[in-house]
Amino acid sequence: MWQISFILFLITFCIFARIMLCDPRTLWSGVSFFWMMICLAIFLFFILSEYSEWLAAHDAIIRILVFLFILAVVSVIAFPAVLIVTFFIEGIKIIRHEGMKPSNLLSMLFSILLSVYLVVWPVIGNLEKGKFSTMLYVIVSFSAIYVLSLMAMYSLSAILNLIHLKKKRNADYIIVLGSGIIGTKVTPLLAARINRGIELLRCNQNAVLIMSGGQGPGEDIPESEAMAAYAVDQGVDDKRIITEQKSVSTEENLMFSKELIDKENAKIVIVTTAYHVFRALILAKQQGIKCVGFGAKTKWYFTLNALIREFVGYLQLTWKRHAIAIGIITSVAVVIR
């Protein structure tokens, strides 16, 4: 059996490698990685079974394997509780630091809903119900499982798209996405994006920085002007900076920046905050922009809340296909039940 499991691992590894090499800007990067790791775990299980007699003669190795197994089981069991507590605590932190705005309540809301689904929802399922309420329970249950699984694959894909072995990409253009300024000054979040762009610029000697961002409410000048001024203060030659001053959204950032690129088959790097990279790459792919994304760091409590917001943004882009998928899955589940 270990030979079959090894072949399955090789197949999933090749699929994952092909996706990552060709274009990782898809949810399939996370899905393929997940199944590759599942196949690897199955392969290792059969390998251990194959050499069980040899392992039995080595008590130290057996203890290590038992410890790792217990650690894995405990981690899986404890994961939902840790996730709920983490999102709840970070939700409180973002409210304390950023204020009681609807967009800042996402972490806490996710924590509460996940608690209800894991603790209260099974109790509701055990209550006596009629045919309609049973059908409704099944539909809601499978819809929740689908969305949670989708969120997990989105997060995994987002992480994979942040991993780069080198900063030197022979890039022609480095597009830094704007995120709002105060008067004429860049915010700490935007400064982190610009600093990341400058870092990449120094590793790509022929690249040009495109600062992308128009003028929004409460801003005295276009974001891109403030971004360019900040970069010059950091020692960047202004001849290596282009400003895009019309955009007011990520879609427009990419669309108007693309218009400033006059080189055919240009190598493009997009820089934004880490939690925003994957959705920006998906939007770039929809506009036919071939690129990779680099992320700037931000505070952990802000990242968790923003990641949920980014996932909601992803659902807005792709809700039709997922609504169809949920419809098919729940229909099959209702029929089987």
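These lines cover the structure that appears in this document, whether it is placed above or below. (Residues numbered from 1 in each chain as written. Predicted model: local features only at pLDDT ≥ 70, side-chain atom pairs only at ≥ 80, totals over all residues. Heavy atoms only, no water.)

Let us now look at the packing of aromatic side chains. Counted under the stated rule, the structure contains 12 aromatic pairs. On the numbers, 4.9 Å between centres and 10° between planes, the contact of Trp 121 with Tyr 137 is stacked. Here Tyr 137 lies in helix α6 (residues 131-160) and Trp 121 lies in helix α5 (residues 106-125), a separation of 16 residues in the sequence. Accessibility expressed as a relative area gives 19% for Trp 121, which makes it buried. On the basis of relative accessible area, Tyr 137 is assigned to the buried category, the value being 17%. (Phe/Tyr/Trp six-rings, centres within 6.5 Å; stacked < 30°, edge-to-face > 60°. Helix = DSSP H or I, 4+ residues; strand = E, 2+ residues; numbered from the N terminus. Buried < 20%, exposed > 50% of the residue type's maximum accessible area, 1.4 Å probe, protein only.)

A few words now on helix α9 (residues 250-259). Among all positions in α9, only Thr 250, Asn 253, Leu 254, Phe 256 and Ser 257 are buried. Packed against the buried residues of α9 are β1 (173-177), β4 (208-212), β5 (241-244), β6 (268-273) and α10 (277-286). (Contact = heavy atoms within 4.5 Å.)

With the exception of glycine, the majority of residues adopt a negative phi angle, and the majority of peptide bonds are in the trans configuration. The phi dihedral of Asn 170 falls on the positive side, at around 55°, and the residue is not glycine. One non-glycine residue, Asn 265, lies in the positive phi region at around 55°. Positionally, Asn 265 belongs in the loop between α9 and β6. You can call Asn 265 exposed: its relative accessible area is 71%.

Our next topic: the pairing of β1. Remember that side chains alternate between the two faces of the sheet whenever the strand is regular. The element β1 is largely enclosed, with a buried count of 5 among its 5 residues. Where β1 meets β4, 5 bridges bridge the pair, whose relative direction is parallel. Bridge pairing links Val 176 to Met 211 in β4. Bridging between β1 and β6 involves 4 bridges; their strand directions are parallel. Looking at β6, one finds that Tyr 173 is bridged to Ile 268. (Pairing = 2+ DSSP bridges.)

According to the stated counting rule, one finds 8 salt bridges in the structure shown. Salt-bridge contacts for Glu 199 lead to Arg 196; the nearest nitrogen and oxygen are separated by 3.2 Å. One end of the pair is Glu 199 and the other is Arg 196, both in helix α7 (residues 188-203) and 3 residues apart, which spans about a single turn. The class of Arg 196 is buried, set by a relative accessible area of 19%. Across the pair Arg 279 and Glu 310 runs a salt bridge whose closest N-O atoms are separated by 2.7 Å. You can see Arg 279 sitting in helix α10 and its partner Glu 310 sitting in helix α11 (residues 300-336), a full 31 residues away along the chain. Just as Arg 279 is buried, Glu 310 falls in that class too. One salt-bridge network, in which partners are shared between bridges, spans Asp 23, Arg 25 and Lys 285. (Salt bridge = Lys/Arg side-chain N within 4 Å of Asp/Glu carboxyl O.)

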